[in-house]
Every structure is written in structure tokens, then in C-alpha cells.
Amino acid sequence: MIKFIQKPQGASLAFMLAGAAWFVVGALYGMVSAIHFVSPEFFSNIPALVFGRERPIHVNTMLYGFTGTMLIGAGLYYVPALLRTRLWSEPLAWAGFLFWNITIASGPLCFSFGYTQGREYSEYVFWADVSLVFAVLCLIVDVVMTIAHRREKQLYVSVWYLVAALLWTACNYPLGNVMWHPSTGAMPGLIDSLFLWFWGHNLPGLLITPLATGAAYFVIPRAARAPLNSHTLSLAGFWFLVALYTHIGGHHVLQSPIPNWLKTVSVVDSVAMIVPVSIVVLNLWLTARFFGGRVWSDPAARLVMGGIVWYIVTCVQGPLQSLPFMQRVTHFNNWTIGHAHIAMLGFGGYIALGTMWHVIPLVTGKSLYSEKLVSLQFGLITVGLTGFFVVLTIAGLIQGGAWHNGETVYRVLPELAPYFICRAALGIFILTGALVGLYNLAMTLWRGEELSAEELQRAEEAA
Ligand code: HEM
Ligand code: HEM
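Note that the coordinates shown come from a computational prediction; the quantities given were computed from them, not determined experimentally.

Enquirer: What should I look at first to understand the coordination of the iron atom of ligand 1 in this one?
Expert: As a benchmark, a tetrahedral metal site with four donors has ideal angles of 109.5 degrees, while an octahedral site with six donors has ideal angles of 90 or 180 degrees. For the iron atom of ligand 1, every protein donor is listed as His 58 (NE2) and His 341 (NE2), and the spread of their distances is 2.0 to 2.1 Å. Coordination geometry of the iron atom of ligand 1: the six donor atoms subtend angles of 87 to 179 degrees at the metal centre, consistent with an arrangement described as octahedral. Of this pair, His 58 sits in helix α3 (residues 51–82) while His 341 sits in helix α14 (residues 334–364), and the two are 283 residues apart along the sequence.

Enquirer: How do you make sense of the side chain of His 331 when you look at a structure like this?
Expert: Here His 331 lies in the loop between α13 (324–330) and α14. Contacts of His 331, omitting those with residues within four sequence positions, involve His 252, Gln 255 and Thr 336.

Enquirer: Would you mind showing me how to read the packing of helix α2 (residues 10–38) against α14 here?
Expert: Think of two packed helices as two axes; the pair is described by the angle between the axes and how far apart they sit. In the contact formed by α2 and α14, the axes pass within 10 Å of each other and the chain directions differ by 140 degrees. Of the possible angle classes, the one that applies to α2 and α14 is oblique. Pair α2 / α14 crosses with left-handed handedness. Between α2 and α14, the contacting residues are Ser 12, Leu 13, Met 16 and Phe 23 on the first element and Leu 345, Leu 353, Met 356, Val 359, Ile 360, Val 363 and Thr 364 on the second. A class-by-class count of the residues in the contact of α2 with α14 yields nine nonpolar, two polar and no charged.

Enquirer: Honestly, the nonpolar core in this entry has me stumped. Any pointers?
Expert: The nonpolar side chains of soluble globular proteins are, as a tendency, buried together. Counting 134 residues, the largest nonpolar core has Phe 23, Tyr 64, Leu 76, Trp 100, Leu 353 and Trp 357 as its most contacted members. At 17 residues, the largest contribution of residues to this core is made by helix α7 (residues 191–224). Once you skip the residues sitting within four places of it in the chain, Leu 353 turns out to touch Phe 23, Phe 66, Met 70, Leu 303, Gln 377 and Ile 381. Core analysis: the second largest hydrophobic core is formed by six residues, Ile 398, Ala 402, Val 412 and Leu 416 among them.

Enquirer: How should the coordination of the iron atom of ligand 2 be read in this particular structure?
Expert: On the protein, His 339 (NE2) is the one donor atom to the iron atom of ligand 2, at 2.2 Å. With respect to the helices and strands, His 339 occurs in helix α14.

Enquirer: For this particular structure, what's the right way to read the site of ligand 2?
Expert: Taken together, 24 residues are adjacent to ligand 2, and Glu 120, Tyr 121, Gln 321, His 331 and His 339 come closest. Of all the elements in the fold, those that place two or more residues in the shell around ligand 2 are α7, α12 (299–322) and α14. Per-element accounting of the shell around ligand 2 gives the leading share, seven residues, to α12. Among the residues forming the shell around ligand 2, the class breakdown is 11 nonpolar, 12 polar and one charged.

Enquirer: What's the story with α2 in this structure? I'm lost.
Expert: An α-helix turns once per 3.6 residues; consequently, residues spaced three or four apart project the same way. For α2, spanning 29 residues, the distance from its first C-alpha to its last is 42 Å, which sits close to the expected 42 Å at 1.5 Å a residue. The element α2 is largely enclosed, with a buried count of 21 among its 29 residues.

Enquirer: Any chance you could explain the layout of surface pockets here in plain terms?
Expert: Gaps between atoms show up when a probe of the same size as a water molecule is rolled over them. A volume near 940 Å³ is recorded for the second largest pocket. Contributions of two or more residues to the lining of the second largest pocket are made by α3, α7 and α17 (453–461). Of the residues forming the lining of the second largest pocket, the biggest block, five residues, is contributed by α3.

Enquirer: What am I meant to see in the site of ligand 1 here?
Expert: What surrounds ligand 1 is a group of 26 residues, the closest being Phe 37, Arg 55, His 58, Glu 120 and His 341. In this structure, an oxygen atom belonging to ligand 1 sits 2.7 Å away from a side-chain N or O atom of Glu 120. His 341 places a polar side-chain atom, nitrogen or oxygen, 2.8 Å from a nitrogen atom of ligand 1. Of all the secondary structure elements, the ones that give two or more residues to the shell around ligand 1 are α2, α3, α14 and α16 (409–447). With eight residues, the single largest contributor to the shell around ligand 1 is α3. Here the residues of the shell around ligand 1 are counted per class, giving 17 nonpolar, six polar and three charged.

Rules behind the numbers
Residues numbered from 1 in each chain as written. Chains lettered and ligands numbered in written order. Predicted model: local features only at pLDDT ≥ 70, side-chain atom pairs only at ≥ 80, totals over all residues. Heavy atoms only, no water. Donors = N, O, S within 2.8 Å, 3.2 Å for Na, K, Ca; no water. Tetrahedral: all angles 85-135°; square planar, octahedral: opposite > 155°, others 65-115°. Helix = DSSP H or I, 4+ residues; strand = E, 2+ residues; numbered from the N terminus. Contact = heavy atoms within 4.5 Å. Axes fitted to C-alpha atoms, helices over the stretch in contact; angles between N-to-C directions. Parallel < 35°, antiparallel > 145°, perpendicular 65-115°, else oblique. Left-handed = near helix turned anticlockwise from the far one by under 90°. Nonpolar A, V, L, I, M, F, W, Y, C, P; charged D, E, K, R; others polar. Core = buried A, V, L, I, M, F, W, Y, C linked by side-chain atoms within 4.5 Å. Buried < 20%, exposed > 50% of the residue type's maximum accessible area, 1.4 Å probe, protein only. Near = heavy atom within 4 Å. Expected span 1.5 Å × (residues − 1). 1 Å grid on protein atoms, 1.4 Å probe; cavity = no way out; pocket = protein on both sides within 12 Å on 5 of 7 lines; lining within 4 Å. Points joined across faces, edges and corners; volume = space filled by probe spheres on them. Polar contact = N/O pair within 3.5 Å; in protein donor to acceptor, adjacent residues only side chain to side chain.

Pasting the structure below:
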């Protein structure tokens, strides 16, 4: 046992494997959610699958369980690799793994029976919150000590992003989840919406975004076998993110009576987010400039590049929907659900998957069982997600337009039925993509060919 938890990169592998498994679980619950919209009576005799219970399981399992877990696992590989050292403590990373996964498992276990704090993105009950904070603290100590023992002087931007994501989460999670009120995890009245959306915004913005950006900065130069276009720009993008993303959560509650100055700041800086996003995208694009063919033909890097394309779409849509006149039509309907999926699966999920496939041979010393299955996964998810985006955006516009014209909710429902049926059908592509990925990963561990020492060294030294 002691030998097992001290094995180099064991915790990194465990995180990625768990991420692939949570992707399947989350997709199954996503299908259950989608079926509810097609046929609300379908699961009516199963209390654990009531929409209000299983929807948060889908959402939390996807965000923390799939995207977050997989990106942390990849980070536990690339941080020591970039610093030319070993992870400071494998057992500590395993402790992080245990606490992190206890929280995620608490989703299906507690929400199914109605135990929840009932605030979107902050549903985990108090002990699960504590477990998540312990996990993050273990990881922070491990990563910071790895930095302290590094043999490489330069701190590449991926290291900045990973450390920052963990530090921000250690501060923001307890605050947004109001952990000093263990029984409710909430503040009274309107003020609670500010705390709630402080975390609801920082979960994508200051956990998933930095983890995914750091991972993309690791994979793209390696896949292109070219140096990063500009280290200065990479840090400029980082600091702009810090300066802007931290306080724009108000754009989620523009329709509520929160202070006007807060709405103004959040709208202006949401639009200004175009700056850090452009910096990241341009920097990575210019890195791959002459080697685009090489990057796109590598199945793992293709997923990361696909993630960057979705990042552009998300961050064109994001500032637009932050404008109050747009939100009058796009808020409270499926438009936002479309945005959430291209952001979380398109940007975060694609980069998580691509980085995982890129580092798995380095972590396990085995070649991938099948690169074709990686491409198949890319294809399946791309069909599903592109369809989701189109269908949900149209459904959102129908809803927004109707409500804007004073139409009642129930009269719009029949018009939405075809879109909900399409969403459920498209979900099968994403679920199949998740299953194909888990199968490919399991087969890589079981049947993947051992890389020779030379091949492994070549792979490690790429770029
Ligand atoms: C099998 C594929 C999937 C299906 C069928 C599906 C379906 C759904 C459904 C029906 C909802 C509830 C929408 C509502 O309340 O109106 C939802 C919400 C959500 N899903 Fe998925 N989903 C899938 C995959 C994913 C993936 C892979 C991710 C992230 C990596 C994700 C992230 C989310 C998020 C963040 C929300 C909450 C959106 C919001 O409240 O704005 N989903 N999903
Ligand atoms: C330039 C960057 C972005 C801006 C300005 C932006 C803006 C917004 C706005 C205004 C909303 C609320 C829409 C409404 O309720 O009417 C929203 C929702 C959301 N955004 Fe973004 N977004 C950006 C990028 C991202 C990224 C990169 C992610 C993920 C990593 C993300 C994830 C989400 C999610 C999950 C929601 C749904 C929240 C809910 O349940 O209501 N966004 N975004």
C-alpha cells in the first residue's frame, strides 16, 4: 500500500481516471435531465430521479467531477515536469484525491435523497464542503513545495495558472458557500444572491478557466514542437484575468435589485474580458502558426485546439449577453444553458480531454490503446455539442422573444418540444463519447504497449 501511494505520478493518473469515470456518470444524469424535458412523467415513480434532485448531480458531477478532476490530474503531471523535479509528496496528492472525490461522490449520494444546500453550484452539504477545502489545501501544499524544490528556475505560465486556480478556490469556495453558516450555507435575503453568484461565477472563471488555460499552454507548444510565441504575453493574459474576472459575477444577477454601481462594473469589465481572452487565444494561435497542420493532426492536441475555438465562441457570446438589453431576451431561458455547455464542455471539457490524452503516455509509460478512438471521441462530442449550441440558442430565442412580448410560459412549451427532443438525441452522442473515452483509457492501462526508454525520453523532451 505504502509503495503504491508513493509511485511517481500515481495520483495524477488516479485523478485523470476518476475524471473520465465522472464524465460517464455526469453524462448519464445529463440524459436523465434531458429526458425530463421530453417526457416529465418518465421517471415519476423514482424519487431519487426527480428533476430537482438529479439536475444538480449532473451539473456538479460535470464541473467538479469531470472537468475539474481531469485538469487537476493533468496539472499534477505537468507542474513537476515543467519544474524538472518530482511531485513533492505523492501521499499528499493522494489525500487530495481522496478528499476531492468524497465531495464529488457526495453529490449523487446526498442529492438523490434530498440532502442539499439548494444553491446552484453550491449544493454540496457542509461536510462535503469541508472535504473539498481539505483537498485543495493538500494540493496547494504539495504544489507549492514542489515549486520550492524545483530544478528549473523559470516558472512557466502553466504553473502560475495551476497554483492560482488552487489558491483562489481555497479562498473563494468557503466565501461563496457561506461556510461559516454550516446548517444553511446561505446568507439571509438578497445578499445571498451576491455570495452565491460570487462562487457561481468564480467556479468557471477562477477554477476551470485557469486550469484549462494552463493546460492549453502546456500542450500546444509541445504538440507544435515550437517555443511559446511570447512569455510576456502569457503573463499579461494572466494578470488581466486577475484584474477583470474577479468582480464581474454581478452579470448573473442583473435582473435583481443589487446596487447599480455593481451592475455597471460587472457589465463594463465583462466586455473588457475580450482583452485577456484575445491575448491567450492569439498567443496560442501564433505558437501553432506554422505548425497548425502538425497540431491539428495530433488527436490529443486537436481536442485542445477545439477547446480554444469554443473559448472564442464562449467569450464572444459572454460579453454580448452581459449587456442588459441583450439579457432582456437571453436571461432565464435556454440561451444560457447553451452558453454553459459550450463553456464547460467546449472550452473546459475539450481541453481536459486533450491534455489527458497528451499526458497519459508520459504518466503511464504506455502508448495510447487507440488514437482512432480519441478522434472518434472528438467527433462524437463535436456533433453533440455543436447541435446542443444551435438547438438551445434557438430555443432560448423563442422563449426570450415570447416572454418579451408578454406571452405566458405554458403557451410557449409546445413550440419548444422539438428542440428538447433534439437535445436528448444529441446527448446520446456526448454520452457515447464519454464511454468511448473511458474504454480507451482502461484499455490503455491494461493493454497499452510499453514505450521504450528512448521513446519515453523523446516524448518527455518534445518542444
Ligand atoms: C449527455 C450529455 C448532456 C446532456 C444530455 C445534458 C443535459 C443537460 C440538461 C437537460 C440540463 C438542465 C437544463 C435546464 O435546467 O434547463 C443541463 C444543465 C447543465 N449542464 Fe448538461 N448535459 C450534458 C452534458 C454536459 C457536460 C459534458 C457538461 C460540462 C462539462 C454539462 C454542464 C452543464 C451545466 C453547467 C448545466 C447548468 C446550466 C445552467 O444552469 O445554466 N452538461 N444539462
Ligand atoms: C468573456 C468571458 C465571459 C463572459 C463575459 C461571460 C458572461 C456570462 C453571463 C453574462 C452569464 C449569465 C447569463 C444569464 O444568466 O443571463 C454567463 C453564464 C455562464 N457562464 Fe459565462 N461568460 C464568459 C465566459 C465563460 C467561461 C470561460 C465559462 C466556463 C469556463 C463560462 C461559464 C458560464 C456558465 C456555466 C454560465 C451559467 C450560469 C448559470 O447557471 O446561470 N462563461 N456567462
